Number of protein chains: 2
Amino acid sequence: MTVGFEWIIDAFDADENALRDAEKLRAVFARVISDLGLKTIGEGVWHKFPGAGGVTGLLMLTESHLACHTYPEHRTATFNLYCCKTRPEWDWTKNLAETLGAKQVLIRKIERGAEKTSSDSLSEIRNLKSKIAGGAK
Amino acid sequence: MTVGFEWIIDAFDADENALRDAEKLRAVFARVISDLGLKTIGEGVWHKFPGAGGVTGLLMLTESHLACHTYPEHRTATFNLYCCKTRPEWDWTKNLAETLGAKQVLIRKIERGAEKTSSDSLSEIRNLKSKIAGGAK
C-alpha cells in the first residue's frame, strides 16, 4: 500500500550567498506550498549555522513534510518533499535556478510504503534520471 | 561532492496502537540519537493526527535531520534519517520490531549531493535490496 511519494532534490552550482540566506530558503518553501496547495502545521523550524555555514529548515505539512539543508562551501542545496497524496510535479529545476541560482538539479522520486522490495522505486528513479538528463541546463 | 547520506526506512505490519503513540515514536528517535551519537538542535516538532490518525515527528540534528510519519490504518511507519557525516548502520529491522512490532522493514540508502546523475545512488539501493532480502524476518 503506497502511503506517499517523496521527491529528493539535490541542487548544484548554486549561489553561495543565497544558500546562507534563510529568507531565500523560506521563500522556496512558500512557493512550493503555494503552487502545490499544501497545508502547513506550525511555523517550521529553521537554523542558520554560524559564520559561512548553511541553513537547515524543516516544515510539517498535513500532507507530510518539507526539508532543506544547504552547503554553501559546496554550492549545494538539498530538499525533501514528502507528500502522502499525489501532487503534480513541481518544476524544481526552473524554480531553484531562479531562487538560488542553481545550474543543475537532480530530482529523484520514490514511493513510500509501496512494496516490501524496492523494485518499483528503482524503476521510478530510472525514469526520472532520463527525464533529468533532458531537463538539466 | 557527497554532502550526506540518507536512510529511507519503511516499516510494515506494525502494531496499530504503537503507531498512534507519540511517546513510542519519540523513544525510537531517542534510541537512534543515542546509539549513533547524534546531536539535536531544539526539541523537535510532533503532531498527533486526531482520532485513529497517526503521528508525524521532525527533529533537527547538527548532522541534518530525522523524520517519521505513521499510518496506523495501513500498519505502516516511515522514517528518514539524513546525516551529513558517515555513521554506522543502525539495525532498523531489529529496533522497529522491538519498539513498534514491525514484521518487515525496507531500508534504502542514498547519497545526497554526490553526483549529477543518480547512477551511484542506484547501485547503493541495489546493494541494500539484497541485504534486506536476507535480513527481513
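Residues numbered from 1 in each chain as written. Chains lettered and ligands numbered in written order. Predicted model: local features only at pLDDT ≥ 70, side-chain atom pairs only at ≥ 80, totals over all residues. Heavy atoms only, no water.

(A) Spatial organisation of the overall build of chain A. Regarding its fold elements, chain A presents four helices and six strands. Scanning chain A from its N terminus toward the C terminus, one meets helices and strands in the order β-α-α-β-β-β-β-α-β-α. Within the span of chain A, comprising 137 residues, buried residues form 54% of the whole. Surface accessibility of chain A: about 5,500 Å² in total, with carbon and sulfur atoms responsible for 51%. (Helix = DSSP H or I, 4+ residues; strand = E, 2+ residues; numbered from the N terminus. Buried < 20%, exposed > 50% of the residue type's maximum accessible area, 1.4 Å probe, protein only. Areas by Shrake-Rupley, 256 points an atom, 1.4 Å probe, with all protein chains shown as cover.)

(B) Representation of the pattern of salt bridges in the model. By the definition in use, this model includes 18 salt bridges over all chains. For Arg26 of chain B, the salt bridge goes to Glu23 of chain B, with nearest N and O atoms at 3.6 Å. Linking Arg26 of chain B with Glu23 of chain B, this pair stays in helix α2 (residues 22–36), spanning three residues, or about one helical turn. Through salt bridges with shared partners, a single ionic network connects Glu6 and Arg112 of chain A together with Asp10 and Arg108 of chain B. (Salt bridge = Lys/Arg side-chain N within 4 Å of Asp/Glu carboxyl O.)

(C) Broad picture of the environment of Trp46 of chain A. Following the sequence through the fold, Trp46 of chain A ends up in strand β2 (residues 40–48). As for Trp46 of chain A and Phe29 of chain A, which are separated by 17 residues in sequence, their C-alpha atoms are 12 Å apart.

(D) View of the sheet that holds strand β3 (residues 55–61) of chain B. All names here are of chain B. Strand order in this open sheet of six strands is β2-β3-β4-β5-β1-β6, and the pairing throughout is antiparallel. Only two strands of the sheet have a single partner each, and these edge strands are β2 (40–48) and β6 (104–112). Each neighbouring strand pair of the sheet contributes to a mean axis angle of 10 degrees, computed without reference to strand direction. In this structure, strand β1 (residues 4–12) lies alongside β6, joined through nine bridges in antiparallel fashion. (Pairing = 2+ DSSP bridges. Axes fitted to C-alpha atoms, helices over the stretch in contact; angles between N-to-C directions.)

(E) Looking closely at helix α2 (residues 22–36) of chain A. Residue and element names in this part refer to chain A. Over its 15 residues, α2 extends 21 Å from the first C-alpha to the last, a length consistent with the 21 Å expected when each residue adds 1.5 Å. The set of residues buried in α2 consists of Leu25, Val28, Phe29, Val32, Ile33 and Leu36. Buried positions in α2, seen along its axis, are confined to an arc of 130 degrees and lie on one side of it. Structural note: α2 exposes Glu23 and Ser34 on the side pointing more than 90 degrees away from its buried face. On its buried side, α2 packs onto α1 (16–19), β2, β3 (55–61), β4 (64–71), β5 (76–83) and α3 (92–100). (Expected span 1.5 Å × (residues − 1). Arc of directions from axis to C-beta. Contact = heavy atoms within 4.5 Å.)

(F) Geometry of the sheet that holds β4 of chain A. Residue and element names in this part refer to chain A. Reading across the sheet, the six strands line up as β2-β3-β4-β5-β1-β6 and stay open at both edges, with antiparallel pairing between neighbours. At either end of the open sheet lies a strand with only one pairing partner, and these are β2 and β6 (104–112). For this sheet, the mean inter-axis angle between neighbouring strands, taken without regard to orientation, is 10 degrees.

(G) Local environment of the packing of aromatic side chains. Residues and elements named next belong to chain A. Tallied over the entire structure, the rule returns six aromatic pairs over all chains. Between Trp90 and Trp92, the aromatic rings sit 4.7 Å apart at their centres with planes inclined by 80 degrees, giving edge-to-face as the arrangement. Trp92 gets classed as buried once you look at its relative accessible area, which sits at 1%. Taking the ring centre of Phe5 as reference, the NZ or CZ of Lys109 above it sits at 4.9 Å. (Phe/Tyr/Trp six-rings, centres within 6.5 Å; stacked < 30°, edge-to-face > 60°. Lys NZ or Arg CZ within 6 Å of the ring centre and 35° of its normal.)

(H) Spotlight on the state of the cysteines. Under the criterion given, the structure shown has zero disulfides over all chains. This cysteine, Cys68 of chain B, is not joined by any disulfide, and Cys84 of chain A carries the nearest cysteine sulfur, 14 Å off. Cys84 of chain B carries a free sulfur, and the closest cysteine sulfur to it, the one in Cys83 of chain B, is 7.2 Å from it. (Disulfide = S-S within 2.5 Å.)

(I) A look at the pairing of β5 of chain A. Residues and elements named next belong to chain A. With respect to burial, β5 is a largely interior element, eight of its eight residues being buried. Alternating residues of β5 divide into Thr76, Thr78, Asn80 and Tyr82 and Ala77, Phe79, Leu81 and Cys83, and every residue in both groups is buried. The pairing of strand β1 (residues 4–12) with β5 spans seven bridges and is classified as antiparallel. For Asp10, the partnering residue across the bridge sits in β5 and is Thr78. In this sheet, β5 lies alongside β4 in antiparallel orientation, the contact comprising eight bridges. Looking at β5, one finds that His69 is bridged to Thr78. The hairpin turn running from β4 into β5, its antiparallel successor, is four residues long, and Arg75 in that turn takes a positive phi close to 55 degrees.

(J) Representation of the layout of surface pockets within the structure. Considered as a void within the structure, the largest pocket measures approximately 260 Å³ in volume. Taken together, 20 residues make up the lining of the largest pocket; nearest its centre are Phe49, Thr70 and Tyr71 of chain A together with Thr62 and Cys84 of chain B. If you list the elements that add at least two residues to the lining of the largest pocket, you get β3 and β4 of chain A. When residues in the lining of the largest pocket are grouped by element, the largest group, three residues, is from β4 of chain A. Within the lining of the largest pocket, the residues separate by chemical class into eight nonpolar, nine polar and three charged. Considered as a void within the structure, the second largest pocket measures approximately 210 Å³ in volume. Along the wall of the second largest pocket there are 16 residues; nearest its centre are Cys84 of chain A together with Phe49, Thr70, Tyr71 and Glu73 of chain B. The set of elements that each furnish at least two residues to the lining of the second largest pocket consists of β3 and β4 (64–71) of chain B. If you tally residues by element for the lining of the second largest pocket, the top one is β4 of chain B, at three residues. Along the lines of polarity and charge, the residues of the lining of the second largest pocket split into seven nonpolar, seven polar and two charged. (1 Å grid on protein atoms, 1.4 Å probe; cavity = no way out; pocket = protein on both sides within 12 Å on 5 of 7 lines; lining within 4 Å. Points joined across faces, edges and corners; volume = space filled by probe spheres on them. Nonpolar A, V, L, I, M, F, W, Y, C, P; charged D, E, K, R; others polar.)

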